[in-house]
Amino acid sequence: MKPTDPAITWLEEKPLGLAERLYLPLFIQGLSTTSRHMVSRKVTVNYPESRPVVGNPLIYRGVHRLNRDDAGRVKCVACFLCATACPAHCIDIVATESPWPDREKYPESFSIDELRCIFCGMCEEACPVDAIELTSLLDLTGKSREEMIFDKEKLLSVYDMTKDAEPMKSKTLAAAGMATFGHAPADAAPAGGHH
Amino acid sequence: MMNLLPSPLILAALVKIGLLVGGLMTAAAYLVLLERWIAAWVQDRRGPNRVGIPLTKIRLFGLGQPLADGLKIILKEDFTPSHVDRVLYNTAPLVILAASLAIFASIPFGSVLPPLGIPGLPDPVPFLVAPGLDVGVLWVFALSSIAVYGVLLGGWASNNKYGFIGGLRSSAQLVAYEIPLGLGLLGVVLAAGSLRLDMIINAQAETGIWYVFAQPLGFIVFMVASFAEAARLPFDLPEAEQELVGGYHTEYSGIKLLLFLVAEFLHMITAAFLIVIMFLGGWHLWGVTGSSQDIGWIQALLRFAILSAKILGVIVFFMLVRWSWPRFRFDQLMSLAWKVMLPLGLVNLVTVAAVEEYRPQLENLLGPGIATAVAIAIPWLACLVGWVGSGILTPSESDNSPVRTHGNHGNHGNHGPFDVERELGPHAPPANELAGSR
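Residues numbered from 1 in each chain as written. Chains lettered and ligands numbered in written order. Predicted model: local features only at pLDDT ≥ 70, side-chain atom pairs only at ≥ 80, totals over all residues.

1. Let's talk about the overall build of chain A
Counted only if it meets this: Put simply, DSSP marks the helices as runs of H or I at least four residues long and the strands as runs of E at least two long, and each gets a number from the N terminus on. Just to be clear, the radius of gyration here is over C-alpha atoms, and the globule rule we use is 2.2 Å times residues to the power 0.38. Whether a residue is buried, exposed or partly exposed follows from its count of other C-beta atoms within 10 Å of its own C-beta, namely 20 or more, 12 or fewer, or something in between, respectively; the C-beta atoms are built from the backbone. Here, residues touch in the contact sense if the C-beta positions derived from the backbone fall within 7 Å of one another.
On a plain count of helices and strands, chain A comes out with 6 helices and 5 strands. Secondary structure elements of chain A occur, N-terminal to C-terminal, as α-α-β-α-β-β-α-β-β-α-α. For 195 residues, the compact-globule estimate of 2.2 N^0.38 gives 16 Å, and the C-alpha radius of gyration of chain A, at 26 Å, exceeds that figure by more than 25%. Buried residues in chain A amount to 16% of all 195 residues. Of the contacts formed within chain A by residues at least 6 apart in sequence, a portion of 69% connects residues at least 24 apart.

2. A short note on the overall build of chain B
For chain B, the count of helices and strands is 15 helices and 0 strands. Counting only residues that meet the buried cut, chain B has 40% of its 438 residues in that class. Across chain B, contacts joining residues at least 24 apart in sequence account for 73% of those joining residues at least 6 apart.

3. Description of helix α10 (residues 254-279) of chain B
All names here are of chain B. Note the cut-off: For a helix, the expected span equals 1.5 Å multiplied by the number of residues minus one.
The end-to-end C-alpha distance of α10 is 38 Å, a good match for the 38 Å that 26 residues give at a rise of 1.5 Å each. Extensive coverage of α10 is indicated by the burial of 22 of its 26 residues. Gly281, located one to two residues past α10, shows a positive phi value of around 85 degrees.

4. A word on the confidence of the model for chain A
Residues and elements named next belong to chain A. The condition that has to hold: pLDDT runs from 0 to 100 and stands for how confident the predictor is about each residue.
Per-residue pLDDT for chain A averages 83, and the proportion of residues at 70 or more is 90%. Mean pLDDT values for the elements of chain A range from 78 in helix α6 (residues 169-175) up to 92 in helix α3 (residues 81-85). Under a pLDDT of 50 for its full length, residues 180-195 has, in the predicted model, 14 contacts with residues more than four places off or in other chains.

5. Quick notes on the environment of Leu133 of chain B
Residue and element names in this part refer to chain B. The topology assignment puts Leu133 in the loop between α3 (86-102) and α4 (136-157). Residue classification places Leu133 among the partly exposed residues on the basis of 17 C-beta atoms within 10 Å. Put simply, Leu133 and Arg196 are 63 residues apart on the chain and 6.7 Å apart in space, counted from C-alpha to C-alpha. Not counting residues within four places of it along the chain, the set of residues in contact with Leu133 comprises Ser106, Trp139 and Arg196.

6. Focus: the packing of helix α5 (residues 161-192) of chain B against helix α12 (residues 330-366) of chain B
All names here are of chain B. For clarity, the cut-off: A fitted line through C-alpha atoms serves as each axis, taken over the contacting stretch for helices, and the angle formed by two N-to-C directions is quoted from 0 to 180°. Working definition: roughly parallel below 35 degrees, roughly antiparallel above 145 degrees, roughly perpendicular at 65 to 115 degrees, and oblique for all remaining angles. Crossings are classed by handedness, with left-handed meaning an anticlockwise turn of the near helix from the far one by less than a right angle and right-handed meaning a clockwise turn. In the scheme used here, Gly and all other residues not listed as nonpolar or charged are polar, with Ala, Val, Leu, Ile, Met, Phe, Trp, Tyr, Cys and Pro taken as nonpolar and Asp, Glu, Lys and Arg as charged.
At a closest axis distance of 8 Å, the pairing of α5 and α12 adopts a crossing angle of 15 degrees. Between α5 and α12, the angle is such that the two are roughly parallel. In the packing of α5 onto α12, the handedness of the crossing is left-handed. By residue class, the composition of the contact of α5 with α12 is 19 nonpolar, 5 polar and 2 charged.

7. Regarding the environment of Gln204 of chain B
Residue and element names in this part refer to chain B. Along the chain, Gln204 turns up in helix α6 (residues 197-207). With 184 residues separating them along the chain, Gln204 and Leu20 place their C-alpha atoms 24 Å apart. For Gln204, the contacting residues outside a window of four places in its chain are Ile209, Trp210, Tyr211, Gly281, Gly282 and His284.

8. Let's talk about the confidence of the model for chain B
Detailed reading of predicted coordinates is not advised where the pLDDT is low. Looking at chain B, the pLDDT average stands at 81 and 89% of residues meet or exceed 70. pLDDT under 50 marks residues 407-417 of chain B. Its contacts with residues more than four places away, or in other chains, come to 22 contacts.

9. Quick notes on unusual backbone geometry
All names here are of chain A. For Tyr23, which is not glycine, the phi torsion reads 70 degrees and is therefore positive. Of the residues examined, Tyr23 has 18 C-beta atoms within 10 Å and is grouped as partly exposed. With a phi angle near 55 degrees, Asp130 is a residue other than glycine that sits in the positive phi range. Note that Asp130 resides in the loop between α4 (122-126) and β4 (132-134). Asp130 sits in the buried class, given 20 other C-beta atoms within 10 Å.

10. Description of the nonpolar core
The test is simple: Only buried residues count toward a nonpolar core: Ala, Val, Leu, Ile, Met, Phe, Trp, Tyr and Cys, linked into one set through C-beta atoms within 7 Å.
One finds Ile96, Val221, Phe222, Ala272, Ile275, Val276 and Met278 of chain B to be the most contacted residues of the largest nonpolar core, which totals 110 residues. Of all the elements, α10 of chain B adds the most residues to this core, at 18 residues. Counting residues in each nonpolar core, the second largest holds 19 residues, with Val63, Leu66, Ala78 and Cys117 of chain A among its members.

11. Brief notes about the packing of helix α1 (residues 8-42) of chain B against helix α11 (residues 297-324) of chain B
Residue and element names in this part refer to chain B. Two elements in contact, α1 and α11, have axes separated by 10 Å at closest approach and are oriented at 45 degrees. In terms of orientation, α1 and α11 fall into the oblique class. For the pair α1 and α11, the crossing hand works out as right-handed. Side by side, α1 and α11 meet where Leu31, Leu34, Glu35, Ile38, Ala39 and Val42 of the first sit next to Ile315, Val316, Met319, Leu320 and Trp323 of the second.

12. Examining the pairing of strand β3 (residues 105-113) of chain A
Residue and element names in this part refer to chain A. Basically, it comes down to this: Strand pairing requires that DSSP identify at least two bridges connecting the strands.
With 7 bridges connecting them, strand β2 (residues 91-97) and β3 associate as antiparallel partners. Paired with Ala95 across the bridge in β3 is Pro107. Of the pairings in the sheet, the one linking β3 to strand β5 (residues 149-150) comprises 2 bridges and is antiparallel in character. What sits directly across from Ile112, in β5, is Phe150.

13. Quick word on helix α8 (residues 216-229) of chain B
Residues and elements named next belong to chain B. The end-to-end C-alpha distance of α8 is 20 Å, a good match for the 20 Å that 14 residues give at a rise of 1.5 Å each. Buried residues dominate α8, accounting for 14 of its 14 residues. Just downstream of α8 lies Ala231, where phi reads positive at about 55 degrees.

This is how it looks when you write it as structure tokens:
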């Protein structure tokens, strides 16, 4: 775009007043701002000793976990919706016939490559049974690439580790009176829905 | 055998040089840490607080950081690019550091020691490497001008565009601001009647009136000019990172870069010393230190502590200012130097000269008390008038706005407010052709 383009609206610069030309009010303003910030509360933390506070764990997207149901079994039904939704193709599921009567399939292996993951939360959105969730664990480190591929056991152990601090999101939301899509009451489903 | 031993005078000077150089280098290293802390605190961060005593878990608020920084930069590869002028490239850091250190020969870093009684060493021993140097202030200014050579040589010898522009900017800026610096200083020299910095402190200690109160305009001019001389924000154009990468030391690395950076901090320390000594009373503090030269150990150390505290305060102000205001544009920098600071410095000089000239008559006429009050009131009045006057005379618009034509181009006036012919020169195509060719 050229400076002569008629689409440009040129604004007059506001002329400086006497106070601005004397520098003094701006001098005091600048110095008081920096002085105030110098003694104000700091926004960073001394990391390994004190940890940053996650504002809302419900919407935070940290390390994944695989939830367990009340019987302690993996909740996942190996429907592949998360793997399909994943834009980074980091979820790898091997499904096999379920030994339990309440579902047809379950994951024989379930692994997430945390190095490929972009932590977008699409898998959590896609999951129909609230099996995969993103926790508020924010410091994910490892010493090798292999170590960063989380298998089913590791993902379940993340659940065991975090379930007390962060209950399953569906339960938290249900307790707050908000229905999630996966747990929507049957009569609330739209008429003529999916066939 | 006795003749082979250096005289006590030389030994004392060597001891003072050792203490001063060691102290200054340590101070420069720790000022880097202080600068990083203040930068962090101003930005609501915590700053470096990890490095403590090596091989232990003791952290000491990060006080080991300068050691680690120094070690790192010394052990780094000292890379010399192939396209530089080797002789000048290697000379520049040495010139700038040597000049910055030599300045301190005539700067007092305390008052005097109590009588030591060493034969051959005249008592009292002053906190000054070159005592009795009658051209003290001139020495400071001469050597700070030589330090400019280091910057210029570094920029030139680097054979790099960023370095070259940094060096050019630096030369123009330092030449421009040495004049207001000198004018701010002349008022003090006039009032104190001496070019020796220790005498300037004594003059303030005797009257108890620091020159910041007696010459406010001189203080402002000197303060602004010394910010520019030390190339600190808002006048850090010679090494504006956002524009020039590193300015004149872009091509330097390793220990040569360290020499430049230390010299920069020494410039800031020098500026703080000069401001404190010439305007803020040096080691003098009302009710704590007298003006006597006959003092005990406690008083001597107290004066040293007061001077150091004042200098630290000024340096903290330097560092706070860095985060308070944006950098000046180069034309603004020049217009501030030549159109504002130079006239204000002259106003200050004339006022101080007039006050000093007529002070005896005033004292005869009004008595010493009222005469002192008048001698202080007149410079303040001059400061107020000078400042407001320069504010009124400043253009009310910053001069980077596009040139307005106000439609005086008739046939192609509707293409916006730019006077394209004026912007591009007389041989540029008319504005309507430019607009049509997009």
